[in-house]
Amino acid sequence: MRVYIVKYETLENGYSIEGFTNKKNAVSRVSKLKRDDRKKHKDRRRIDYVGLTKEPKIVTKDFDISRNGIINAINYI
């Protein structure tokens with residue numbers, strides 16, 4: 001089972017990890033994070049600016065489809 005893990009860091013929430021089984025959803029999440037960062041960065045009047053401190057990255061991992069593979073995936077994330 002292939003899992004796509006999106007890693008990013010924001011000023012408000014700190015370090016975050018999200019896992020996806022579909023590559024399209026992972027790429028979409030990275031695009032959404034970058035788009036929101038650009039929008040909020042342009043509008044300087046906003047006080048609630050939550051900027052990205054690290055560039056979002058997609059990491060691909062392969063796990064077995066078994067009880068041990070699922071436990072390893074949960075522990076990795």
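Figured I'd write up the structure that's included with this text.

Conventions adopted
- Chains are numbered independently. Their residues run from 1 in the order of the written sequence.
- Given that this is a predicted model, residues contribute local features only at a pLDDT of at least 70 and side-chain atom pairs are listed and counted only at 80 or more, while totals for whole chains, interfaces and linings are drawn from all residues.
- Values reported for side chains reflect all heavy atoms of the structure, with hydrogen atoms and water molecules removed beforehand.
- Within this document, salt bridges are pairs made up of a side-chain nitrogen of Lys or Arg and a carboxyl oxygen of Asp or Glu, the two lying within 4 Å of each other.
- Elements are defined by DSSP. Helices are runs of H or I of four residues or more, strands are runs of E of two residues or more, and each kind is numbered from the N terminus.
- Think of it in three bands: with a 1.4 Å probe and only protein chains considered, a residue is buried below 20% of the maximum accessible area for its type, exposed above 50%, and partly exposed in between.

## What to know about the pattern of salt bridges
Okay, step 1: By the definition in use, this model includes five salt bridges.
Okay, step 2: The partner of Asp62 in a salt bridge is Arg2, and the shortest N-O contact between them spans 3.2 Å. Remark: Arg2 occurs in strand S1 (residues 2–10) and Asp62 occurs in strand S3 (residues 52–62); sequence separation between them is 60 residues.
Okay, step 3: On the accessibility criterion, Arg2 (45% relative accessible area) is partly exposed.
Okay, step 4: Here Lys54 makes a salt bridge to Glu9, at a shortest N to O gap of 3.8 Å.

## Comments concerning the environment of Ala26
Okay, step 1: Residue placement: Ala26 occurs in helix H1 (residues 23–42).
Okay, step 2: Taking the C-alpha atoms as reference points, Ala26 and Val6, 20 residues apart in sequence, are found 6.6 Å from one another.

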